[in-house]
Amino acid sequence: MATLVALGGLGEFGANSLLVEDEGGARVLLDAGAAFSDLAAFGVGYEVPDFAAIGGGPPAAVVVTHAHDDHIKGIAFLREAHPAIELAASRTTLAWARRATGNGAALATRELQLGIPVPAGPFTVHAVPVSHSIPGTVALRLEGADGALVLATDLRLAPSALEESTSQEALAAWGDAGTDLLLLDSTNALVRAEPPSEATVAEAIEEQVRKVRGAVIAVSFASQLGRFRQLARAAAATGRLVVPVGRGLVESLEVQARLGGLGLPLGLVRPARELPSLPRDRVIVVATGSQGEPGSAFSRLAVDLLPGLRLRPGDTVLHAARVIPGNERRLAHLFDHCVRRGARVVTAAEAPIHASGHPHQAELARLLDLVRPRWVLPVHGRRRHLEAVAELARARGIGTLVVENGEEVAWGRSGVAVTGELRQVGRILLDDVGEEVLDPAILRHRRSLAREGMVVAVLPCSRAAPGGLGDVQIHVSGMPAAAGLVDQLAVGLTAEIGRAGILARRDPEWLRSTMARWLRSEVRRRTRRRPVVVALVVEL
Ligand SMILES: [Zn+2]
């Protein structure tokens, strides 16, 4: 039997990545995404699966459904871990992937197109273009010696804002061909209500814009170019210009320009540097940072840190995006900042200015009826969402299996079952500034600093001073210090240095570590805390 194991995305939102292996151990990955980190308080922006820790032979290929960060942002790290890996994706997604891997000249790629199967390791991959909130999204079918699986995630049956549609005939044909296992999106499995159509969203956006006297600031996902086009069209219809702000959005527009653009009138989209010279009642600023990401255009705008535009009474902020669970508090703070400055805030909860790119219950039911799998394994969600998809499938008499990251599953014509094997790979942490890999030791240090504070001891030494050593100075930061603590530590440490005697003067490094050791245990004894201790011997 073939196996599969989720490196991310099952039991969480983000970091979607599945490792699929045939009976002989040949393997491919489906998607290689990143997740927002729970460690944001310690300066961690994103997490990606540690692809170097997969074990066994390197995967032959990674097949990518679409270019959203939670499916593709790990690709640069995957390539670092497995340089020979081949990438299969749609033309649009390949353009994004080249960008994500520094226009990776050596990236071996295969383009996925409807009706043209391509080999990926031991499997043959078929793709069907689908409607989603970024162009170039596909549903995937993997055929191997042991059976066939379909990955249907991040897709709607209703047309997208860029008027892309999902071919229900093509999905039904996969049903006719026989599908052993369907991996099905669970993001909106708890949503019973029909979401607004994209036509309704476009109308609602224009209606909102017409009501605004001052500037309109629309906050959306950087890659949601369909939403951007709706906003630009609303700008054109109301005599405004549209100004994209934020690196991610500008990059998205550049990638799209190379793929044929968005068909917008010339001169409608203006660069951010023109913002100060444009009348505020004549612009729609489209800003990145829909999840309140620190440093993003929206998070800066909300606190007057965006050059060229300060919020004022009469302005309106349209939050035209979904809130990914976990980001609610951060966004609530930013909305409050906007309101304090006199701006009105409208979110998708108050007006139909956003529609999700994920299937709700009725579309999930329809997808099950089209693909008619023998088994369903829910993906792309927390446990509660996964269970909700399983319930929909069970109601149709389809076999279901709910697992989370790391739980290995055997699948094939003879059925689907957990093997009992746990294959977790851990995470690479990316700094929220610069997105560089963060050493776990640095994270430990940041945690200690944040929780316990810091004690610094400085010992000046000079050839001129009597005995060569000056007076110890102690600084306490980020921890409560009882009266007298600093003095007691200074006296104690001076005595300890005295006990070290002649050795201390000959070997500053030895002296430094002796000071740190004494301070660590003394601070712990006196305060029951474990702050970061820094000891410095400074030559004057
Ligand atoms: Zn997506």
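Residues numbered from 1 in each chain as written. Predicted model: local features only at pLDDT ≥ 70, side-chain atom pairs only at ≥ 80, totals over all residues. Heavy atoms only, no water.

A few words now on the coordination of the zinc ion. Protein-derived ligands of the zinc ion are His 66 (NE2), His 68 (ND1), His 132 (NE2) and Asp 154 (OD), with the metal-ligand distances lying across 2.1 to 2.3 Å. Here the zinc ion binds four donor atoms, and the angle range of 90 to 165 degrees at the metal identifies the geometry as irregular. Every donor residue of the zinc ion comes from the same chain, spaced as H-x1-H-x63-H-x21-D. Here Asp 154 lies in the loop between strand E12 (147-152) and helix H4 (168-177) and His 68 lies in the loop between strand E6 (61-63) and helix H1 (69-72), a separation of 86 residues in the sequence. Here His 68 matches Asp 154 in class, with each residue buried. (Donors = N, O, S within 2.8 Å, 3.2 Å for Na, K, Ca; no water. Tetrahedral: all angles 85-135°; square planar, octahedral: opposite > 155°, others 65-115°. Helix = DSSP H or I, 4+ residues; strand = E, 2+ residues; numbered from the N terminus. Buried < 20%, exposed > 50% of the residue type's maximum accessible area, 1.4 Å probe, protein only.)

Let us look at helix H11 (residues 383-394). Taking 1.5 Å of rise per residue, 12 residues should cover 16 Å, and H11 covers 16 Å from first to last C-alpha, within 8% of that figure. For H11, the set of buried residues is His 385, Leu 386, Ala 388, Val 389, Ala 390, Leu 392 and Ala 393. Contacts made by the buried residues of H11 are with strand E13 (181-185), helix H10 (361-371), strand E19 (375-379) and strand E20 (399-400). (Expected span 1.5 Å × (residues − 1). Contact = heavy atoms within 4.5 Å.)

It is worth spelling out the packing of helix H3 (residues 91-100) against helix H7 (residues 247-258) at this point. Helices that pack against each other are described as a pair by the angle of their axes relative to one another and the distance between those axes. Two elements in contact, H3 and H7, have axes separated by 10 Å at closest approach and are oriented at 130 degrees. As judged from the angle between their axes, H3 and H7 are oblique. Pair H3 / H7 crosses with right-handed handedness. Side by side, H3 and H7 meet where Ala 95, Trp 96 and Arg 99 of the first sit next to Glu 251, Ser 252, Glu 254, Val 255 and Arg 258 of the second. Its residues assigned to classes, the contact of H3 with H7 comprises three nonpolar, one polar and four charged. (Axes fitted to C-alpha atoms, helices over the stretch in contact; angles between N-to-C directions. Parallel < 35°, antiparallel > 145°, perpendicular 65-115°, else oblique. Left-handed = near helix turned anticlockwise from the far one by under 90°. Nonpolar A, V, L, I, M, F, W, Y, C, P; charged D, E, K, R; others polar.)

What follows covers the side chain of Ser 133. Relative to the elements of secondary structure, Ser 133 occurs in the loop between strand E10 (123-129) and strand E11 (138-144). Owing to a relative accessible area of 16%, Ser 133 belongs among the buried residues under this scheme. If we ignore the near neighbours within four places in the chain, the residues touching Ser 133 are His 68, Ser 223, Gln 224, Leu 225 and Gly 357.

Our next topic: the pairing of strand E7 (residues 86-89). Across three bridges, E6 lies against E7 in parallel orientation. Across the sheet, the residue bridging to Val 62 is Leu 87, located in E7. Bridge analysis of E7 against strand E8 (residues 108-111) gives four bridges, and the strand direction is parallel. Note that in E8 the partner of Glu 86 across the bridge is Ala 108. (Pairing = 2+ DSSP bridges.)

Once that is clear, we can look at the environment of Pro 279. On the secondary structure map, Pro 279 appears in the loop between H7 and strand E16 (283-287). For the pair Pro 279 and Ala 215, spaced 64 residues apart in the sequence, the C-alpha separation amounts to 8.4 Å.

What follows deals with the sheet that holds E11. Strands belonging to one sheet form pairs held by backbone hydrogen bonds; the direction of such a pair is parallel or antiparallel. With mixed pairing, seven strands are arranged side by side in an open sheet as E9-E10-E11-E12-E13-E19-E20. Of all the strands in the sheet, the pair left with one neighbour each is strand E9 (118-120) and E20. With six bridges joining them, E10 and E11 adopt antiparallel strand pairing. Bridge pairing in E11 places Ala 127 opposite Leu 140. This element, H10, spans E12, E13 and E19 of the sheet and lies at about 160 degrees to E13.

Across the sheet, which stays open at both edges, the five strands sit in the order E15-E16-E14-E17-E18 with parallel pairing between neighbours. Sheet topology places strand E15 (241-245) and strand E18 (344-347) at the edges, where each strand pairs with a single neighbour. Direction aside, neighbouring strands of the sheet carry axes that sit 20 degrees apart on average. Across four bridges, strand E14 (residues 216-219) lies against E16 in parallel orientation. Among the inter-strand pairings, Ile 217 is bridged to a residue of E16, identified as Val 285. Together, strand E17 (316-319) and E18 form the strand contacts of helix H9 (residues 328-340), whose direction differs from that of E18 by roughly 145 degrees.

Position of Arg 27 relative to the elements: it lies in strand E3 (residues 27-30). Given the relative accessible area of 5%, Arg 27 is considered buried. Here Gly 55 takes part through its backbone oxygen, which lies 2.7 Å from a polar atom of the side chain of Arg 27. A polar side-chain atom of Arg 27 sits 2.6 Å from the main-chain carbonyl oxygen of Gly 57. (Polar contact = N/O pair within 3.5 Å; in protein donor to acceptor, adjacent residues only side chain to side chain.)

In this section: a nonpolar patch on the surface. Taken together, the side chains of Leu 536, Val 538 and Leu 540 define a hydrophobic patch exposed on the protein surface, amounting to about 280 Å² of accessible area. Inspection of the secondary structure assignment puts Val 538 in strand E26 (residues 532-539). (Patch = residues over 30% accessible without salt bridge, like charges linked within 9 Å, V, L, I, M, F, W, Y side chains within 5 Å. Areas by Shrake-Rupley, 256 points an atom, 1.4 Å probe, with all protein chains shown as cover. Salt bridge = Lys/Arg side-chain N within 4 Å of Asp/Glu carboxyl O.)

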